[in-house]
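Each chain, letter by letter, is given below.
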Amino acid sequence: KMIGFAGGKLAISAMPVAVLAGALISFGSFGEHYELAAIKSSGISLLKAMRSSIILGVFLVVGSIILSHNIVPLSNLKFYSLYYDISRKKAELALTPGIFYWDITNYVIRVADKNNDRGTLYDVLIYDHTENRGNNDVIIADSAKTYTEEDRLQIVLYAGVRHEEIKPESGRKNYPHGRTYFDSLYYTFNLEDFKLSRTEESQFRHQITLSQDELGSANDRLGDLQTDYLEKAFNQIGRYTKVDSNFLTGPKDTLKYDKPLVVYDMAPGDSIIGCDTVLDHSDALSRSLVNIRAVKSYLDFMNKKKSDQNRTRRKFLYEYYLRYAVPINCLVFMIIGVSLGAIIRKGGLGMPAIVSIIFFIISHIAGTYGRKFSKEG
């Protein structure tokens, strides 16, 4: 099921190369058997002979766009949610001789040996930790047989003894110890922990799981968030520098804002501290130093935050345009395949397969570097 969900993205990725290979094989075969020569000699140009193939390429582009915009994001969502749940699922019940097995809730089991063909266990030790009793309930058996029914495991224990410390509720220090000998004892374990539990798919929100409309809306919201953040950041810096964020939000009435605190008439070479005899120079310097450090620290944080926001938005924009680029590759590869097929004039799988692999490698390298450059800005 998981591989089936992964097939959507693989099909979109493989379609351009499949179109290229098909066009190479078809038109290579035409050239190899001199059918293209016959077509040209009858007055039909190569472009006219290619027309039906190009129309097919346009239909493939439209179909690929519909798939990549709506179907593939849904299959990606199903794939990653199922993959996450499978990776968290407990392994099958596997009692290893000589190893304490903890995966069944509230029980610890150890067996000395086992026979897989008969389903028989030997020298069985079971610690029952239900009701938070610790190691106060211990079962020792000579042998046992196991049976599984849906979500339950049944063990029939033979020739053993059960040791149980019976603690009364009154809190007395002295309490009885129970010992029960048995010829056979039936134990049933709930295996709910081994069933595949599903996580809500709404928790898997990623750019590759969003439809094209949702991706476009997310890009717009990310742009608005960046603008809002810059405005808040400059307002924060304005507490120290008196710089406002008018230029970010459009024209405003600047008369609403406070006038400068002090107006100095300074001559060239004057010190800003020396212009006012009221100020305590040491106090002014220390306050300025504190403000400068605060602004520097905030600017560093702001720069990192802005860089993270840009990186996130670039990922969304890359995914948005990729869903147009890959389908258009079908038409591009169709034209390349038809043209090359007419030139190399080799049908079958040999030469067309080699040429297709070469173009696939070139396309893959270009796509890989394009994704890398996009993420790095």
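Described in the following lines is the structure provided in the data block. (Residues numbered from 1 in each chain as written. Predicted model: local features only at pLDDT ≥ 70, side-chain atom pairs only at ≥ 80, totals over all residues. Heavy atoms only, no water.)

## Notes on the overall build of the protein chain
Quick reminder of the rule: The helix and strand labels rest on DSSP assignments: H or I over at least four residues marks a helix, E over at least two residues marks a strand, and numbering proceeds from the N terminus. Each residue's exposure class comes from its accessible area (1.4 Å probe, protein chains only) as a fraction of the maximum for that residue type: buried when under 20%, exposed when over 50%, partly exposed otherwise. Whether two residues are in contact is decided by their heavy atoms: any pair within 4.5 Å suffices. Residue exposure ignores everything except the shown protein chains as possible cover, and the areas themselves are Shrake-Rupley values with a 1.4 Å probe.
The helix and strand inventory of the protein chain stands at seven helices and five strands. Each helix and strand of the protein chain, ordered N terminal to C terminal, gives the series α-α-α-β-β-β-β-β-α-α-α-α. The buried share of the protein chain, reckoned over its 377 residues, is 29%. Sequence separation of at least 24 residues holds for 60% of the intrachain contacts in the protein chain that already meet a minimum separation of 6. Carbon and sulfur atoms form 58% of the exposed surface of the protein chain, whose accessible area is close to 24,700 Å².

## Some words on a positive patch on the surface
Stated formally: Grouping into patches uses exposed residues only, defined as over 30% relative accessible area, and leaves out salt-bridged ones; the cut-off is 9 Å for like charges and 5 Å for nonpolar side chains (Val, Leu, Ile, Met, Phe, Trp, Tyr). Definition used for salt bridges: Asp or Glu carboxyl oxygen within 4 Å of a side-chain nitrogen of Lys or Arg. We count Lys and Arg on the positive side and Asp and Glu on the negative side, and we leave His and both chain ends out. Taken as the charge location is NZ of Lys, CZ of Arg, CG of Asp or CD of Glu.
Taken together, K9, K315, R371 and K375 make up a surface patch of like positive charges. Residue classification places K315 among the partly exposed positions, given a relative accessible area of 33%.

## Remarks on the pattern of salt bridges
What the rule picks out here adds up to eight salt bridges. Here R198 makes a salt bridge to D85, at a shortest N to O gap of 2.7 Å. Separated by 113 residues along the polypeptide, R198 in the loop between β5 (177-190) and α4 (212-241) and D85 in helix α3 (residues 46-88) bring together distant segments of the chain. Using a relative accessible area of 2% as the deciding quantity, one classes D85 as buried. Here D300 and K296 are joined by a salt bridge, their closest N and O atoms 3.4 Å apart. Linking D300 with K296, this pair stays in helix α6 (residues 281-344), spanning four residues, or about one helical turn. On the basis of relative accessibility, which here comes to 53%, the residue K296 falls in the exposed class. Through salt bridges with shared partners, a single ionic network connects K304, D308 and R311.

## Topic: the sheet that holds strand β3 (residues 137-149)
Each strand in a sheet pairs with another by means of backbone hydrogen bonds, the pair being arranged parallel or else antiparallel. What counts, and what does not: What makes two strands pair is DSSP finding at least two bridges between them. Orientation is described by axes fitted as lines to C-alpha atoms, over the contacting stretch for helices, and by angles from 0 to 180 degrees between their N-to-C directions.
Here five strands make up an open sheet; going across it, the order is β1-β2-β3-β4-β5 and the pairing antiparallel. Taken across any chain shown, the strands that pair with only one partner, and hence form the sheet edges, are β1 (107-115) and β5. The mean angle between the axes of side-by-side strands here comes to 25 degrees, regardless of whether they run parallel or antiparallel. Of the pairings in the sheet, the one linking strand β2 (residues 120-128) to β3 comprises seven bridges and is antiparallel in character. Residue pairing across strands places Y127 opposite V138, the latter belonging to β3.

## Structural notes on the packing of helix α1 (residues 2-32) against α3
Selection criterion: Roughly parallel means an angle under 35 degrees; roughly antiparallel, over 145; roughly perpendicular, 65 to 115; everything else is oblique. Each crossing gets its handedness from the near helix: less than a right angle anticlockwise from the far helix is left-handed, clockwise is right-handed. Gly falls in the polar group here, along with every residue not listed as nonpolar (Ala, Val, Leu, Ile, Met, Phe, Trp, Tyr, Cys, Pro) or charged (Asp, Glu, Lys, Arg).
As a packed pair, α1 and α3 sit with axes 4 Å apart at the nearest point and diverge in direction by 160 degrees. The angle between α1 and α3 places the two elements in the roughly antiparallel class. Where α1 crosses over α3, the two elements pack in a sense that is left-handed. When the residues that make up the contact of α1 with α3 are grouped by side-chain class, the tally is 16 nonpolar, six polar and two charged.

## Things to note about the pairing of β3
The two faces of a sheet get side chains in turn, since along a regular strand they alternate between them. Sheet topology places β3 next to strand β4 (residues 152-165); twelve bridges connect them, and they run antiparallel. Paired with V138 across the bridge in β4 is H163.

## Focus on α1
The cut-off we apply is this: Every helix has an expected span of 1.5 Å times one less than the residues it contains. Here the bend at a residue is taken as the angle between two axes, fitted respectively to the seven residues that end there and the seven that start there.
Taking 1.5 Å per residue as the helical rise, α1 with its 31 residues ought to reach 45 Å, and the 43 Å between its terminal C-alpha atoms agrees with that figure. Residue M15 marks the point of greatest curvature in α1, where the axis turns by about 40 degrees; the proline P16 follows within four residues. Taken as a whole, α1 has its buried residues at A6, I12, P16, V17, V19, L20, A23, L24, F27, G28 and G31. The inward-facing, buried residues of α1 contact α2 (35-41), α3, α6 and α7 (350-376). Just past α1, the residue Y34 takes up positive phi, approximately 60 degrees.

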